[in-house]
Amino acid sequence: MKIERYQIEEHNSKLAQSHQRKFEFLTQDIQGTEDIVQKLMKFQIAIPSWALGTGGTRFGRFSGGGEPRSLEEKMGDIGLLHQLNQSSGAISLHIPWDIPQNIQDIKALAAQYGLRFDAMNSNTFQDQPGQEQSYKFGSMQHVDKAVRKQAVDHNIEVIKQGVALGSDSLTVWLADGSSFPGQLNFRRAFENTLESLQEIYAALPEDWKVFVEYKAFEPNFYSTTVGDWGQSLLYANKLGPKAYTLVDLGHHLPNANIEQIVSLLLMEGKLGGFHFNDSKYGDDDLTAGSVKPYQLFLIFNELVAGMDAKGMDHASGLGWMIDASHNVKDPLEDLLQSVEAIMMAYAQALLVDKQGLEEARLQNDVVRCQEILQNAFRTDVRPLVAEARLRANAALNPVGLFRELQVREKLIGERGYKTVATGL
Ligand code: PSV
Ligand code: MN
Ligand code: MN
């Protein structure tokens, strides 16, 4: 399945008039729209290879048809997304869910789709067939050195594969922890984990980064060994300048102030990567912006402010990725919606009157502070995001074109109805 350039152009010309009207209306009211459109065009969000099939819950999985059956087909799907929005130009692999066989062919395919290899993800939270040691009681925290060594070796192997593909970062998420009080010596678990991470850190190439992803709970329900941003930051600080904290929006206890966390991590120069999703309860992995779009905007407001304060480039300063997949939507439509929501939150954050906000803060004018933030949040920025797509030769309405072209039906035609994406 390939989308032809003329199909995008035809779609855009049908919507051009109405888009132009909305875009011009917005530019009359807002200063600096050109700069915002340019920034939106540069901003790319990596797609994880595991989001292309229907996710599941522990109660069941209802696969859709036409899901990718191989890494090549997953890249094909991301290629389609990227053609539709020109904002999904990177793929994040999870080893061994993805098995890159012929690296040169995989790289050539990526180049053909215009994709970059984002952070590599290791997996020491599941036992793989034929594996010698079990991760049932943790991996890097394990009381048995042989288990820890296996986990370290796996991560080093993932780095090697990443180097061959042209990636430049490793994300480590550990399921390590305990489910019952008394099960674990917290300090020993921390020290073992640190030692394992240090061995991995020592194997990082010069220009690589390692992201330490934290998560409050699940699959362990009493303690998690990298359980919050404080613990992640401890590891990152002890490891050194190539280690950073990774924030996944779904990995906090309810009502955590994620925007404040992001702000302080950026201040410390220790925010490395981001996993976008949304949730009402926990690590729900729902479409970004589907439940709490205001929170997403507040987070972006801190990201933009913090990155500007450090002179960081928004597009390349942090690793941006979606980490979501669920049961009931077409995964590709779901990802298009997530990217759109992220772009909107970013555009709204760019609209914030930063100088006015600082002045209002200095005067303790709380009402004005809220007005400034909500003025930006309540601006309909969709024409700005659409304009960025139009200029990048993407579709004005990606989900609309996905349906018009019957992409899913065609993928089912090619791959069959009963497919299960690998690795999920
Ligand atoms: C864990 O919940 C997580 O957020 C990590 O990023 C994993 O690598 C990913 O989900 C996939 O399970
Ligand atoms: Mn994640
Ligand atoms: Mn998660």
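The present account deals with the structure reproduced in this document. Quick caveat, the model's predicted, so the values are computed rather than measured. (Residues numbered from 1 in each chain as written. Chains lettered and ligands numbered in written order. Predicted model: local features only at pLDDT ≥ 70, side-chain atom pairs only at ≥ 80, totals over all residues.)

## Concerning helix H3 (residues 71-85)
Residues spaced three or four apart along an α-helix face the same direction, because each turn holds 3.6 residues. The end-to-end C-alpha distance of H3 is 21 Å, a good match for the 21 Å that 15 residues give at a rise of 1.5 Å each. Of all 15 residues that make up H3, 13 are buried, and the element is covered over most of its length. Two residues or fewer after H3 comes Gln 86, characterised by a positive phi angle close to 50°. (Helix = DSSP H or I, 4+ residues; strand = E, 2+ residues; numbered from the N terminus. Expected span 1.5 Å × (residues − 1). Buried ≥ 20, exposed ≤ 12 C-beta atoms within 10 Å, placed from the backbone.)

## Some thoughts on the packing of helix H11 (residues 354-362) against helix H12 (residues 366-377)
One can describe the packing of H11 onto H12 by two numbers: an axis separation of 8 Å at closest approach and a directional angle of 160°. With respect to their mutual orientation, H11 and H12 come out roughly antiparallel. Every pair of crossing elements has a handedness; the one defined by H11 and H12 is left-handed. Contacts from Gly 356, Leu 357, Ala 360 and Arg 361 in H11 reach Arg 368, Cys 369 and Ile 372 in H12. Split by residue class, the contact of H11 with H12 holds four nonpolar, one polar and two charged. (Axes fitted to C-alpha atoms, helices over the stretch in contact; angles between N-to-C directions. Parallel < 35°, antiparallel > 145°, perpendicular 65-115°, else oblique. Left-handed = near helix turned anticlockwise from the far one by under 90°. Contact = placed C-beta atoms within 7 Å. Nonpolar A, V, L, I, M, F, W, Y, C, P; charged D, E, K, R; others polar.)

## What about the pairing of strand S7 (residues 209-213)?
Of all five residues in S7, four are buried, a share of seventy percent or more. Pairing of strand S5 (residues 169-173) with S7, which is carried by five bridges, proceeds in the parallel orientation. Across the sheet, residue Val 172 finds its bridge partner in S7, namely Val 212. (Pairing = 2+ DSSP bridges.)

## Quick look at the sheet that holds strand S1 (residues 47-48)
The sheet built from three strands is open, its strands ordered S1-S2-S3 with parallel pairing. Both edges of this open sheet fall to S1 and strand S3 (116-117), since each of them pairs with a single strand only. Summarising the sheet, S1 and strand S2 (residues 90-92) pair through two bridges and their orientation is parallel. Residue pairing across strands places Pro 48 opposite Ser 92, the latter belonging to S2.

## As for the nonpolar core
Residues Val 212 and Ala 347 are the most contacted members of the largest nonpolar core, which totals 107 residues. Of all the elements, helix H10 (residues 331-351) adds the most residues to this core, at 14 residues. If we skip the residues at most four places from it in the chain, Ala 347 touches Ile 36, Leu 40, Val 381, Leu 384 and Val 385. (Core = buried A, V, L, I, M, F, W, Y, C linked by C-beta atoms within 7 Å.)

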